[in-house]
Amino acid sequence: MGCSISGLNALYDAATGGGDVWINERRFRVLRQIGEGGFAFVYLVREQQPASDAAPARRHSAHVSEDGTYAMKKVLIQSKEQLDLVREEIRVSSLFNHPNLLPLLDHAIIAVKGDWSHEAYLLFPVHLDGTLFDNANVMLSRKEFYSTADVLQIFRQMCEGLKHMHSFDPPYAHNDVKPGNVLITRCKGQAPVATLMDFGSARPARKQIRSRSEALQLQEWAAEHCSAPYRAPELWDCPSHADIYERTDIWSLGCTLYAIMFNVSPFEYALGESGGSLQLAIVNGQLKWPAGPNPPYPDELRQFVIWMLQPQSEMRPHIGDVVLHVDKLIAKYLS
């Protein structure tokens, strides 16, 4: 799905809510803002009566909202570099088709006057139950924990989505797997449904680093695009001769499994210690285990986390191995 730049694609003047948005031939009413970050804002929108000639195509979509509501991400763009990043996010998002990856349903980029050169509008299915991060904050305040069964089923869905990305030739790394990028949908009487989102940092996973300059460039890129508490050691301190693989995502998966279990990330404890360093804790793999549920999680879950949080990337499993192992644990603890 390519980007088109046209003043007719999206007309929007409702920074505080309200108003209508056109994304190509579809019109949406802005209901309220539901998130923001950086130069991006996320709104809950409802599609207005679709044009009769466009309705048949949408009826065949697997992602048509029953009540017409969607999530719309608006990105304010100041520079050509930012514009290129948004176009790349759209291109990469359009590659994937998996039930555990958030699909990009439509998009438009328009040129505007004023402080911004362009505005981008990206349309997604809406998930109002929030992210793992949102849920973790609530559960932490209540001293609640997921059951072992829910931990495993949430984590398996994340792994399936990531496996789809890693199956491309060349493989794609998400590069920012974390609780804040995992949407949770709660269904009464069923395990929560997990959907991995935000492909703004996703890139072909494999890189050859052959100089100090290249190593520093990678570290600088990672500092901007990969959240620090979930960033793999080789992205903090990259050797001048290194091969970077998709196992950077496996490290982030291990951190996220820990966060699903304990509602906190595994290395941020270092920030609260006198002289503590998040980078040193990560590079050295210095794990600490907080108090968890009673009865505690099985030791096999802790060993699973440790397996993924190996500071040396070649010691970490591939995503296929992770899926096989989580399936064994599900067979054991959900039977």
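You'll find the structure just up there.
This is a predicted model, so every value here is computed, not measured.

A.B. asks: Can you help me understand the layout of surface pockets in this one?
C.D. replies: Rolled over the atoms, a probe with the dimensions of a water molecule shows which regions are left empty. Taken as a whole, the largest pocket spans an internal volume of roughly 1,400 Å³. Those elements that place two or more of their residues in the lining of the largest pocket are strand S2 (26-37), strand S3 (40-47), strand S4 (69-77), helix H2 (80-93), helix H3 (132-142) and helix H5 (212-225). When the residues that make up the lining of the largest pocket are grouped by side-chain class, the tally is 20 nonpolar, 13 polar and nine charged.

A.B. asks: What am I meant to see in the packing of helix H4 (residues 148-166) against helix H9 (residues 299-308) here?
C.D. replies: Helix-helix packing is described using two parameters, namely the angle between the two axes and the distance between the axes. H9 packs onto H4 with a crossing angle of 30° between their chain directions and a minimal axis gap of 12 Å. By the angle between their directions, the pair H4 and H9 is classed as roughly parallel. Touching Thr148, Val151, Leu152 and Phe155 of H4 are Leu301, Phe304 and Met308, all from H9. Here the contact of H4 with H9 is built from residues that sort into six nonpolar, one polar and no charged.

A.B. asks: Explain the environment of Ala215 to me, please; I cannot follow it from the model alone.
C.D. replies: With respect to the helices and strands, the residue Ala215 is situated in helix H5. The class of Ala215 is buried, set by a relative accessible area of 0%. Beyond its immediate chain neighbours, meaning those up to four positions away, Ala215 contacts Ile209, Cys238, Pro239 and Ser240.

A.B. asks: Teacher, can you tell me more about the pairing of S4 here?
C.D. replies: Along any regular strand, the residues point their side chains to alternate faces of the sheet. Among the nine residues in S4, nine count as buried, and that is most of the element. Because side chains alternate across S4, one face comprises the buried residues Thr69, Ala71, Lys73, Val75 and Ile77, and the other comprises Tyr70, Met72, Lys74 and Leu76, equally buried. Summarising the sheet, S3 and S4 pair through seven bridges and their orientation is antiparallel. Each residue of the ladder has a partner; that of Tyr43, found in S4, is Met72. One ladder, built from seven bridges, connects S4 with strand S6 (residues 118-124); its direction is antiparallel. By the bridge assignment, Lys74 is partnered in S6 with Tyr121.

A.B. asks: I keep staring at the pattern of salt bridges and nothing clicks. Help me out?
C.D. replies: For the coordinates displayed, the defined rule picks out 14 salt bridges. As a salt-bridge pair, Asp20 and Arg27 come within 2.7 Å of each other at their nearest N and O atoms. On the accessibility criterion, Arg27 (29% relative accessible area) is partly exposed. One salt bridge connects Glu234 with Arg316, and the closest N-O pair in it is separated by 2.7 Å. Within this pair, whereas Glu234 is found in helix H6 (residues 233-236), its partner Arg316 is found in the loop between H9 and helix H10 (319-333), the two being separated by 82 residues in sequence.

A.B. asks: Would you mind going over empty space enclosed by the protein with me for this structure?
C.D. replies: Scanning the model with the defined rule gives two cavities of 30 Å³ or more in all. Quantified by volume, the largest cavity comes out at close to 60 Å³. For the largest cavity, the full set of lining residues is Asn175, Asp176, Val177, Cys226, Ser227, Tyr230, Arg231, Ala232, Leu235, Thr248, Asp249 and Ser252. Per-element tally for the lining of the largest cavity: the top contributor is helix H7 (residues 247-262), with three residues. Across the lining of the largest cavity, the residue classes tally to five nonpolar, four polar and three charged. For the second largest cavity, the calculated volume is near 30 Å³. Lining the second largest cavity are Ala173, Asn175, Ala205, Lys207, Leu218, Trp221, Leu235, Ile244, Tyr245 and Thr248. Here the lining of the second largest cavity is built from residues that sort into seven nonpolar, two polar and one charged.

The rules we used
- Here the residue numbering is sequential within each chain, running from 1 through the sequence in written order.
- Thresholds applied to this predicted model are a pLDDT of at least 70 for local features of residues and 80 or more for the giving and counting of side-chain atom pairs; totals over whole chains, interfaces and linings are not thresholded and use all residues.
- As a rule here, side-chain values cover all heavy atoms of the structure and leave hydrogens and water aside.
- The way it works is a 1 Å grid over only the protein atoms, where trapped points that fit a 1.4 Å probe form a cavity and open points with protein on both sides within 12 Å along at least five of seven lines form a pocket, and then any residue with an atom within 4 Å of a point lines it.
- Grid points are joined across faces, edges and corners, and a volume is the space filled by probe spheres set on the points.
- Helix numbers and strand numbers start at the N terminus; a helix is a DSSP run of H or I with at least 4 residues, a strand a run of E with at least 2.
- Gly falls in the polar group here, along with every residue not listed as nonpolar (Ala, Val, Leu, Ile, Met, Phe, Trp, Tyr, Cys, Pro) or charged (Asp, Glu, Lys, Arg).
- The axes used here are C-alpha line fits, helices contributing only the stretch in contact, and every angle between their N-to-C directions lies in the interval 0 to 180 degrees.
- Angles below 35 degrees are treated as roughly parallel, those above 145 as roughly antiparallel, those between 65 and 115 as roughly perpendicular, and all remaining angles as oblique.
- Residue contacts are defined here by distance: any two heavy atoms, one from each residue, within 4.5 Å place the two residues in contact.
- When accessible area is computed with a 1.4 Å probe and restricted to protein chains, residues below 20% of their type maximum are described as buried, those above 50% as exposed, and intermediate ones as partly exposed.
- The pairing criterion for strands is at least two bridges between them, as found by DSSP.
- Any Lys or Arg side-chain nitrogen found within 4 Å of a carboxyl oxygen on Asp or Glu counts as a salt bridge.

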